[in-house]
Amino acid sequence: RSMAASKMSLGLLGPLVLLLAARAAGVTRPPSALQKGMARIAAANAEQLALREERELIGADTGGVKDLIRCAKGKLAEAPAQIGGYLERQGAMSVVNVLSQPTAEDLLAFINGERVRAEEEVRADKADFEARFGGVNCRGPGQFGLRQDLYLPVREPIVRAAL
């Protein structure tokens, strides 16, 4: 290699080592304007995809959304073949009374608080949107839409209790 190419390679190596050391130490850079813009475009695309799915997958062409079968937690073991067949056809089922009332209330309070904390972190550039929220159901106007897919930290005692 030429001397100039070697100097250029060494000149690039220093910043790369610093970048890798910073990342290993957990130091992150706030998202750039371009990254924020791309995130907004991705959210808008997800919204359009969700609207299309609503129209084409669960809209009038398919007979609309059907009510989920509800099943008490205690009944799951009594009719496993019937429940399995239903799940195979529908893909989802509502199981009632899985959580005790106090656990459900504590979990709801935690989720509502965690959502506010997560939104504040994202707005203050302390966390990436994708680290706190899933993009599938964050639909509607604004960065966070009308509903959110919030990632819950399993290390939290109330989340563990609910699982």
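Residues numbered from 1 in each chain as written. Predicted model: local features only at pLDDT ≥ 70, side-chain atom pairs only at ≥ 80, totals over all residues. Heavy atoms only, no water.

### A few points about the overall build of the protein
Stated formally: Every helix listed is a DSSP run of H or I at least four residues long, and every strand listed is a run of E at least two residues long, numbered separately from the N terminus. Only protein chains enter the accessibility calculation, which uses a 1.4 Å probe. A residue is then buried if its area is under 20% of the maximum for its type, exposed if over 50%, and partly exposed in between. Working rule for contacts: check all heavy atoms of both residues, and any pair within 4.5 Å makes them a contact. Only the protein chains shown count as covering a residue, and every accessible area follows the Shrake-Rupley method with a 1.4 Å probe.
From N to C terminus, the protein includes six helices and four strands. When the helices and strands of the protein are read in sequence order from the N terminus, they spell out α-α-β-α-β-α-α-β-β-α. Of all 163 residues assigned to the protein, the portion counted as buried reaches 20%. When contacts within the protein are restricted to residue pairs at least 6 apart in sequence, long-range pairs at least 24 apart make up 39% of them. Accessible area for the protein stands at about 12,300 Å²; split by element, carbon and sulfur atoms hold 59% of it.

### Some words on the side chain of E119
Tracing the sequence through the fold places E119 in helix α4 (residues 101–123). Accessibility expressed as a relative area gives 10% for E119, which makes it buried. The contacts of E119, once residues within four sequence positions are left out, are F133, F144 and Q148.

### Observations concerning the confidence of the model for the protein
Rule in force here: Confidence of the predictor at the level of single residues is captured by pLDDT, which takes values from 0 to 100.
Averaged over the protein, the pLDDT score is 76; the fraction of residues at 70 or greater is 71%. Throughout residues 1–12 the model reports pLDDT below 50, and contacts reaching past four residues in sequence, or to other chains, amount to two contacts.

### Focus: the pattern of salt bridges
Applicable threshold: A pairing counts as a salt bridge when a side-chain nitrogen of Lys or Arg comes within 4 Å of a carboxyl oxygen of Asp or Glu.
What the rule picks out here adds up to six salt bridges. For E114, the salt bridge is made with R132, and the minimal N-O distance between the two is 2.3 Å. Here E114, found in helix α4, pairs with R132, found in helix α5 (residues 129–132); they are 18 residues apart in sequence, far enough to count as distant. Note on R132: relative accessible area 11%, which makes it buried. One salt-bridge network, in which partners are shared between bridges, spans E114, R117, E121 and R132.

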